[in-house]
Amino acid sequence: MREFAVALVICLGGIAALALFLGMGKPVAVIGLFLVSGLAVGSLYALGGIGLVVLYRATGVLNLSAGAIGAASVMSAWQLVEWQLPAPIAWLAGLLLGLVLSLGFGRMVAPHLAWREPVVKAVATLGFALVLLGLVSFLWSDDPRRFSLPTDRSSIPILGLRVTLTRLLVVAVAIGLVVAISQLLLHTRIGLQMRALANNRRISSMIGVPILRVETIAWGVSGVIFGFTGLMFGNLVRLEPNVITFLVIPCIAAAICGRLQSLPLVLLGGLAMGVVESLLTLSDTFKAVRPMAPYVIAILVLLMMNRGRLLTFQGGD
Amino acid sequence: MPTLPLRSWQVGFFLAALLFLLLPVVLGGQWMRIFTSTACFTLAAAGAGFIYARLGMVSLTQVGLMGLGGWITLRLNHSTALPFEANLAIAAIGTAVLGMALALPALRMRGLYLALVTLMVAGGLEILFTAYQFPNGGAGFWGVGTSFAAEMRRPALAKTDAAYLRYCILLVVIGFVLIEWHLRAKPGRAWALIRRSEAAALASGVNVTLYKTWAFGLSGLLAGLGGGLLAGSLGLLDASTFRASESVLLFALVIVGGARSWLGIVLAAVLFRVAPGLLNNWGVDADLALVFFGAALLHAVITAPEGIAGQIIGLLSRLRRRNRGQA
Amino acid sequence: MKTKLTAIGLGLAMSATAGIAQAATSCGMNSGEAATGKPILVGGIHGNAAPGDFSASTQAAAAYFKCVNANGGINGRPIEYLVENDQWNPELAAQAAAKLIDDKKVVAIVGNGSFVEMAVNANFYKDNDIMAMASGCAVSECFESPSIVSTNQGPLASTVGAAQYMVEDQGSKNISCIGLAIPNVGPWSCGAMEDYMTSKGLTGSSVLLNPASPDVNSGLLESVASGADTILVNLPAGLAIAFMKAAEEQGFGDAYKWASSTPLYDRTVPAALGSYWDGKMFINVELTPWDKGGPDASNWLAVLDQYAPDAPRDTFSQSGFLSANFFVKTLLAMDPAKLDDRSAISAAIRGIVGYTSDLMCGPYYVGEADRHMPNHAGTVVVVKNGGFETVRDCYEYDSPYFAPIFANEAALKLR
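Residues numbered from 1 in each chain as written. Chains lettered and ligands numbered in written order. Predicted model: local features only at pLDDT ≥ 70, side-chain atom pairs only at ≥ 80, totals over all residues. Heavy atoms only, no water.

1. Focus on the overall build of chain B
So, point 1. The helix and strand tally for chain B stands at 13 helices and zero strands.
So, point 2. Helices and strands in chain B line up, N terminus first, as α-α-α-α-α-α-α-α-α-α-α-α-α.
So, point 3. Judged by the C-alpha coordinates and their principal axes, chain B covers about 65 × 50 × 40 Å.
So, point 4. When burial is assessed residue by residue, chain B has 59% of its 327 residues classed as buried.
So, point 5. Here the contacts in chain B between residues at least 6 apart in sequence split such that 77% fall between residues at least 24 apart.
So, point 6. Summed over all atoms, the accessible surface of chain B reaches about 12800 Å², with 69% contributed by carbon and sulfur.
So, point 7. When the 24 basic and 11 acidic side-chain charges of chain B are each reduced to a single mean position, those positions are 15 Å apart. (Helix = DSSP H or I, 4+ residues; strand = E, 2+ residues; numbered from the N terminus. Buried < 20%, exposed > 50% of the residue type's maximum accessible area, 1.4 Å probe, protein only. Contact = heavy atoms within 4.5 Å. Areas by Shrake-Rupley, 256 points an atom, 1.4 Å probe, with all protein chains shown as cover. Lys, Arg positive; Asp, Glu negative; His and termini not counted. Charge placed at Lys NZ, Arg CZ, Asp CG, Glu CD.)

What follows is the structure in structure tokens.
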């Protein structure tokens, strides 16, 4: 909790300083616009990051195919809507596809990699991402498309910017997920088992934690989160599988901010990244390269986390 | 039946000499270019492979560093009258310096976290390259003009595509020798100790900071060399070659090929450039080719933990043992 | 053959509208007899991979060549059209050019549609003295090279054309151009738009989006903050749709005037934009609208119906068809003994002056020059009732950028 408070202060301070510096001589209303606009994108980064962390904690796999799973989900949901299916059924089907894809990989492929080091596990998921991206781009040619939700139509003004219900929904779901999963980890048996696995897999298995069951749940839950993130990316960013697939990299940046562990920090990190990226539009020097913001922030966080540490020891990840 | 005392490096030299002599003669224009690209990526893969195999450190930004090397080469080519070799050397050293800067976080991290730092760098480089592209003889620091690119000088010895392919093969061999020389000399012993235990290495008087930084520098040097050579081959570069996902893919293929031996590295580069060329030549749909490629990658990572090179070497030594048994 | 889900629906719609009567085709020598002589090798490169499919132009060119081959070919010799896919990868693009020019020894390159190929190969074409009659160009190198001539306009001309319409017909005084932050695409084309505005004593500005950025909202806000009364979208269709959606969210549809370069002239765009943009979005069209009619326009559709029924019928397709058409015309006018001589064919292509077609607003020509942009006149349509409606027929663009091109035309007595 103390850690979160410190991080929050650093984030708010940093963003305020950046806003003051870049926004010098510009109307306050304009800065407000960019601030709110950035929160929307930031919550998407956070959402993806949350899914990645949930899975990584329980299974030790950093899933680079998260974006591809999301892309498959949103494209199939779009297709079902085109085929005149009731929209809610299409959305559910999209989420279900995310669940199935993630579970499929988790149950069929991941066990073969169980004893490999984390980097190899992560790299293997890239293979899955390429398979999914190839299939999705084969099935859907590159026509311009749009994935709409009923929540797009109503909006409320915040600091002068119209914010649609969809954007609010993303922020709400991200916060809700952080709270819900944190409570789950603290107060349920499966949560306890997940924490045990995250701490030490070998000892957990020896004391009888049902690893397979815990891992299956983690793959399933993260699959649904990736599916949902994909639907939101498709609605709020672009309905292009190629773009959605590789948005996993900024999502990893958000996950790094939480040390691949702490969900509240992932949320905070993701939001901060979105806001900084958006605020950089005010700078003539940096606006062409503002998507770099998540990566720079993630590197700074990693450096800060490890300050004072001089040596690395085996297993000291 | 007596067996030849074939050592891995002897086979390597023999193979390189064979490729050096034969490839430019038998290949057409298209395949000449494919193999030249393959040679360039072999250098980058060698850098990624050796720090992974010897130090357990993962670099997911090798292709991004190649882009940097290529950028410096092109920048110098269009703004100075220096010969290609000088530009290439400066580019390789410049990239090595950035590689060393990358080692700063590496000193304190290992495993996945280190890999992620390098992935973040790759992501950042991708954005930079897209926004500023590569110099093509235009004005200003970024040097990007809108008309067709100015002439790219090639080495005096290698003006034609065939000679340039030979030139690249030669540099690949030099790259491998450079790594091997490091491994057999003092740095190699230091790396081996560091890999086992940094505390032990420190206790026995090894300058851990220096040698880890040096390893990253060497890896960057090779990537920069590869990037500069690629620039010389194509005459200009495009940001889409150096995406972060390409860096991850190259590392994945190094694991598939086998990071411990030169054969694995060459296989990785062949899978990276020759395989897509073949699929494209056979008219396989680009999207479906991606599916095959991804599936093959998954399959190889799962079934060949020591890489394909590991399997080949294992098979050969089993054969040799059987032969010896019969003799 | 691709079996894509969307292609099925599109194909059904096509056959419903076009399948009433098979129109007559007109190709090359029109002899009705298949050509059987020694083939003339011609190359083409398109980009078809994850970011997008640029193969419509080579598909249309291939269909036209098939039709020519079925009608006597070039004095009895068929054209063998070799098409390579660069997959949006600059290395593959260079390899494809090496394969076609070094290995297969093609005599010309026709119908190219790609985002990367022209920039990579411009010098290679020049060094080999081969002409590329491209059809789907997007980068500056394509228009500022001695060995490439494209039938389409590319982002620069189309953006200037859109701006000119907004100034002359809609009273725009201050236009903000939204482009890609790729030097030879966005800054190049939006910069020419700014120069045009300055030359008219008006204000122009550019907002450049990094294609990797998921956040289009900030670009929109930046554009609004520039004080523009008109926003000109100069982006690939997918990104443009995302941008328009963000503008719709903010309710900017009526607060600003909206225009776009050609990428939004696509059959699926009105549906993707939604009814909100009905009558609000003005789009510049590089070639003539698909349904304008005319002998070449009907021939284009007839050739596709007969030889490539599954191919898309869009602007790039028109452009590929035209490039192939002009190429065949050039070959037929040549000395039949020189049809395997690459330099003779290149010289003949450079000698093209004053070809016309109802698929294009202006004349088509090549000429000896260090840059080629024959097509710089277009049409403007508005998004209306789920389709498009022409609001200004053929007009020529006017911008300081075109000065050297106009000078070339004067030298060729086209002006």
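2. Overview of the environment of Val117(B)
All names here are of chain B.
So, point 1. Locating Val117 in the fold gives a position in helix 5 (residues 111-132).
So, point 2. Given the relative accessible area of 2%, Val117 is considered buried.
So, point 3. Placed 62 residues apart in sequence, Val117 and Leu55 show a C-alpha to C-alpha distance of 16 Å.

3. Points about the interface of chain A and chain C
So, point 1. The partner chain C presents 34 residues to the 37 residues of chain A that form the contact.
So, point 2. In terms of surface lost to chain C, no three residues of chain A exceed Pro144(A), Arg146(A) and Arg238(A), which account for 21% of the buried area on that side.
So, point 3. Between chain A and chain C we count five salt bridges in total.
So, point 4. Of the charged contacts, one joins Lys245(C) and Asp152(A) as a salt bridge, the two residues approaching to 3.6 Å between their closest N and O atoms.
So, point 5. Applying the counting criterion to the chain A and chain C interface returns 13 residue pairs in polar contact (both at pLDDT 80 or more).
So, point 6. Of all the elements in the fold, those that place two or more residues in the side of chain A that touches chain C are helix 2 (28-59), helix 3 (66-82), helix 5 (118-139), strand 2 (161-164), helix 9 (211-236) and helix 12 (263-279) of chain A.
So, point 7. Of the residues forming the side of chain A that touches chain C, the biggest block, five residues, is contributed by helix 2 of chain A. (Buried area = accessible area lost by both parts, 1.4 Å probe. Salt bridge = Lys/Arg side-chain N within 4 Å of Asp/Glu carboxyl O. Polar contact = N/O pair within 3.5 Å; in protein donor to acceptor, adjacent residues only side chain to side chain.)

4. Things to note about the pairing of strand 1 (residues 155-158) of chain A
All names here are of chain A.
So, point 1. Alignment of strand 1 against strand 2, held across four bridges, turns out to be antiparallel. Looking across to strand 2, one finds that Pro157 is bridged to Arg162.
So, point 2. Taking the residues between adjacent antiparallel strands as the criterion, strand 1 and strand 2 are bridged by two residues, where Leu159 takes a positive phi near 50 degrees. (Pairing = 2+ DSSP bridges.)

5. As for the interface of chain A and chain B
A common way to state how big an interface is: give the accessible area lost once the parts meet.
So, point 1. Facing the 52 residues of chain A at the interface are 48 residues of chain B.
So, point 2. Summed over both sides, the interface of chain A with chain B buries roughly 4400 Å², with 77% coming from carbon and sulfur.
So, point 3. Our enumeration of links across chain A and chain B arrives at three residue pairs in polar contact (both at pLDDT 80 or more).
So, point 4. Listing elements by their share of the side of chain A that touches chain B, those giving two or more residues are helix 4 (87-109), helix 5, helix 11 (248-257) and helix 13 (293-305) of chain A.
So, point 5. Of the residues forming the side of chain A that touches chain B, the biggest block, 15 residues, is contributed by helix 5 of chain A.
So, point 6. For the side of chain A that touches chain B, the residue count by class is 38 nonpolar, eight polar and six charged. (Nonpolar A, V, L, I, M, F, W, Y, C, P; charged D, E, K, R; others polar.)

6. Focus: helix 1 (residues 8-26) of chain B
Along an α-helix, residues three or four positions apart point the same way, because every turn accommodates 3.6 residues.
Residue and element names in this part refer to chain B.
So, point 1. Here helix 1 is 19 residues long and its end C-alpha atoms lie 26 Å apart, about the 27 Å a rise of 1.5 Å per residue gives.
So, point 2. At Leu19, helix 1 is deflected by roughly 30 degrees, the largest bend along its length.
So, point 3. Every buried residue of helix 1 is listed here: Gly12, Ala16, Leu23 and Pro24.
So, point 4. If you follow the buried residues of helix 1, they end up packed against helix 2 (29-55), helix 6 (161-184) and helix 11 (262-281). (Expected span 1.5 Å × (residues − 1). Bend = angle between axes of the 7 residues up to and from the residue.)

7. Focus: a nonpolar patch on the surface
Residues and elements named next belong to chain B.
So, point 1. A cluster of nonpolar residues, Phe14, Leu15, Leu18, Leu19, Leu21, Leu22, Val25 and Val26, forms a patch on the protein surface that exposes about 770 Å² of accessible area.
So, point 2. Considering the arrangement of structural elements, one finds Val25 in helix 1.
So, point 3. What makes Val25 exposed here is its relative accessible area of 59%. (Patch = residues over 30% accessible without salt bridge, like charges linked within 9 Å, V, L, I, M, F, W, Y side chains within 5 Å.)

8. Topic: the state of the cysteines
So, point 1. One pass over the full model with this rule turns up four disulfides over all chains.
So, point 2. In this model, Cys27(C) is linked to Cys67(C) through a disulfide, with the two sulfur atoms separated by 1.9 Å. With the S-S bond torsion at 90 degrees, the cross-link from Cys27(C) to Cys67(C) turns out right-handed. On the criterion of sequence distance, the pair formed by Cys27(C) in the loop between helix 1 (5-18) and strand 1 (40-46) and Cys67(C) in helix 2 (residues 56-69) is long-range, its members being 40 residues apart.
So, point 3. Between the sulfur atoms of Cys137(C) and its disulfide partner Cys142(C) the distance amounts to 1.6 Å.
So, point 4. In chain C, the bonded cysteines, numbered by position in the sequence, are linked as 1-2, 3-4, 5-6, 7-8.
So, point 5. Not engaged in a disulfide, the cysteine Cys251(A) finds its nearest cysteine sulfur in Cys257(A); these two sulfurs lie 12 Å apart. (Disulfide = S-S within 2.5 Å.)

9. Considering the pattern of salt bridges
So, point 1. Summed over all chains, the structure comprises 27 salt bridges over all chains.
So, point 2. We note a salt bridge from Glu91(C) to Arg273(B), for which the minimum N-O separation is 2.8 Å. Note that Glu91(C) is positioned in helix 3 (residues 90-103) and Arg273(B) in helix 11, a pairing that runs across two chains. Exposure class is identical for Glu91(C) and Arg273(B). Each is buried.
So, point 3. In this structure, the salt-bridge partner of Asp398(C) is Lys200(C), at a minimum N-O distance of 2.9 Å.

10. Topic: the packing of helix 5 (residues 154-170) of chain C against helix 6 (residues 186-199) of chain C
All names here are of chain C.
So, point 1. Where helix 5 meets helix 6, the axes come as close as 8 Å, and the angle between the chain directions of the two elements is 35 degrees. For the pair helix 5 and helix 6, the sense of crossing is right-handed. On helix 6, the residues touching Pro155, Leu156, Thr159, Val160, Ala163, Gln164, Val167 and Glu168 of helix 5 are Trp188, Ser189, Ala192, Met193, Tyr196 and Met197. (Axes fitted to C-alpha atoms, helices over the stretch in contact; angles between N-to-C directions. Left-handed = near helix turned anticlockwise from the far one by under 90°.)

11. So, the packing of aromatic side chains
So, point 1. Inspection of the entire model under this criterion finds 38 aromatic pairs over all chains.
So, point 2. Ring centres of Phe54(C) and Phe316(C) lie 5.3 Å apart, and the angle between their planes is 65 degrees; this geometry places the pair in the edge-to-face category. Remark: Phe316(C) occurs in helix 11 (residues 315-332) and Phe54(C) occurs in the loop between strand 3 (52-53) and helix 2; sequence separation between them is 262 residues. Take Phe54(C) and Phe316(C): they sit in the same class, and that class is buried.
So, point 3. Taken together, the ring pairs connect Phe143(C), Trp188(C), Tyr401(C), Phe402(C) and Phe406(C) into an aromatic cluster.
So, point 4. Positioned above the aromatic ring of Trp78(A), the side-chain terminus of Arg145(A) is 4.7 Å from the ring centre. (Phe/Tyr/Trp six-rings, centres within 6.5 Å; stacked < 30°, edge-to-face > 60°. Lys NZ or Arg CZ within 6 Å of the ring centre and 35° of its normal.)

12. With respect to the domain arrangement of chain C
Residue and element names in this part refer to chain C.
So, point 1. Domain annotation of chain C identifies domain 1 (5-153 + 292-375) and domain 2 (155-285 + 378-411).
So, point 2. Between domain 1 and domain 2, the contact holds 20 residues from the first and 23 residues from the second.
So, point 3. For the pair domain 1 and domain 2, the summed buried area comes to about 1800 Å², and 60% of that belongs to carbon and sulfur atoms.
So, point 4. In this structure, the connection of domain 1 to domain 2 is made through one salt bridge.
So, point 5. A salt bridge links Lys292 to Asp393, with the shortest nitrogen-to-oxygen separation between them at 3.4 Å.
So, point 6. Between domain 1 and domain 2 we count eight residue pairs in polar contact (both at pLDDT 80 or more) in total.
So, point 7. Taken together, the residues of the side of domain 1 that touches domain 2 break down into 11 nonpolar, four polar and five charged. (Domains from an automatic or database assignment.)

13. Topic: a positive patch on the surface
So, point 1. Side chains of Arg318(B), Arg320(B), Arg321(B), Arg322(B) and Arg324(B) sit close together on the surface and give a patch of like positive charge.
So, point 2. Checked against the element boundaries, Arg321(B) lands in helix 13 (residues 307-326).

14. A word on the pairing of strand 14 (residues 387-396) of chain C
All names here are of chain C.
So, point 1. Sheet analysis places strand 13 (residues 377-384) next to strand 14, joined by seven bridges and oriented antiparallel. Of the residues in strand 14, the one forming a bridge with Lys384 is Gly387.
So, point 2. The turn joining strand 13 and strand 14, which pair antiparallel and follow one another in sequence, is formed by two residues; a positive phi near 45 degrees is taken by Asn385.

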